[in-house]
Amino acid sequence: VLVDGRNSLYRCQAVGKTLHSSRGQQTGAIHGLLSGLLALKRRNPDAKFVIAWDGKDTNNSWRNRLFPEYKANRRENVSEELKALRASVNSQLDIAKKLFSIIGVSQIDVDVLEADDVIGMVAALCTTRGWKVAVYSSDKDYLQLMPFQVSILTSASDPPVSEGTVRSKWKCGSADLLKLRAILGDPSDGIPRAVSGVGPVAAARYIAAGVDPSVEKFGSLPQRTRLGAERLESYWPTVHMNWRLMRIIRACDDPELPVDVASLAADATRRVMWELINPAQRRQAGYENMIRIFAKMDLSVAIENRTQLWRLQVV
């Protein structure tokens, strides 16, 4: 189970914003993520966990070098509510990393790489070994990994996202989702809509006709594909750029990665794979151990007593 750490902390803090320790330390993010992992561990007793974090200086990632406006909207005109949420999560981040290290959950990050690329690389390595892989995150970007035998878990209690769910929402299958989203853009990441007036239904029609945004030049598409899609030609540089920006990297030697970053990624993925292959070298994530460590660190909710809390949690 590959966990997008920051995505999970944000989700959990938004739900558990009133949770705090007896010393006033906010704990909603940690409490929620631990609860999710406990539920996943109970449903999948043999599961191994890897938590991926954004690396240092992701504002200088390969995506920002391609497109400086990438996620600029998250740095500008930020609401007070979002600032408060970020502060809450950041106050728990170091505690969360320390806690998962104590428990024995593998963690991985690579400088200037976002967690989604790190997860893509580890997922690819795991599937080549024949392991069943699941990504635990609400980020829709991970849906593009489904064709590579990766399950997507948006919650600890629900089944993996199905092809039917993807088709219902996006009007195409997971294998074509990245192509379709390249036409639509992603305002949440500051990636512009490539073609004005084209929604999911129209974009799905283009993709079904053979339009492939991974192709650099519109003229390189087959003639039969270009017919009926002429309006895309003038927008094609944006369409192709969107495809590059939205694509999750799945190999350390991907041409988008600078050489130094590729080397860091190779070292990090090699280490975390060694930890997964040699489980005797690390304590495995079990819910009893999680509860014991969590209680010891005094991160419980400020209710009458900790015993009462953990009774509720375990039951």
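Everything below is about the structure printed above this text.
Presented here is a report on the structure given in the accompanying data block. (Residues numbered from 1 in each chain as written. Predicted model: local features only at pLDDT ≥ 70, side-chain atom pairs only at ≥ 80, totals over all residues. Heavy atoms only, no water.)

Side note on the pattern of salt bridges
Logical step 1: Taken as a whole and judged by the stated rule, the model has 14 salt bridges.
Logical step 2: The partner of Lys 71 in a salt bridge is Glu 114, and the shortest N-O contact between them spans 2.5 Å. Here the residue Lys 71 occupies a position in the loop between helix 3 (62-66) and helix 4 (80-103), and Glu 114 occupies one in the loop between strand 3 (106-108) and helix 5 (115-128), the gap between them amounting to 43 residues. With respect to burial, Lys 71 and Glu 114 carry one shared label: buried.
Logical step 3: Via salt bridges that share partners, Arg 63, Lys 71, Glu 114, Asp 116 and Asp 117 belong to a single interconnected network. (Salt bridge = Lys/Arg side-chain N within 4 Å of Asp/Glu carboxyl O. Helix = DSSP H or I, 4+ residues; strand = E, 2+ residues; numbered from the N terminus. Buried < 20%, exposed > 50% of the residue type's maximum accessible area, 1.4 Å probe, protein only.)

Section: the nonpolar core
Logical step 1: Within the largest apolar cluster, 57 residues are counted, with the highest numbers of intra-cluster contacts made by Leu 113 and Leu 180.
Logical step 2: Examining the composition of this core, we find that eight residues originate from one element, helix 11 (residues 259-277), more than from any other.
Logical step 3: Look past the residues within four positions of Leu 180 in its chain and what remains in contact with it is Trp 170, Cys 172, Pro 200, Ala 203, Ala 204 and Ile 207. (Core = buried A, V, L, I, M, F, W, Y, C linked by side-chain atoms within 4.5 Å. Contact = heavy atoms within 4.5 Å.)

Here we look at the packing of aromatic side chains
Logical step 1: A full pass over the atoms with the stated rule returns one aromatic pair.
Logical step 2: Here the aromatic rings of Phe 218 and Trp 236 are separated by 5.4 Å at their centres, their planes lie at 65°, and the arrangement is edge-to-face. Note that Phe 218 is positioned in the loop between helix 8 (200-208) and helix 9 (223-226) and Trp 236 in helix 10 (residues 236-246), a separation of 18 residues in sequence. The two residues Phe 218 and Trp 236 agree in class, both being buried.
Logical step 3: The residue whose ring lies beneath Arg 250 is Phe 148, and the NZ or CZ to ring-centre distance is 3.8 Å. (Phe/Tyr/Trp six-rings, centres within 6.5 Å; stacked < 30°, edge-to-face > 60°. Lys NZ or Arg CZ within 6 Å of the ring centre and 35° of its normal.)

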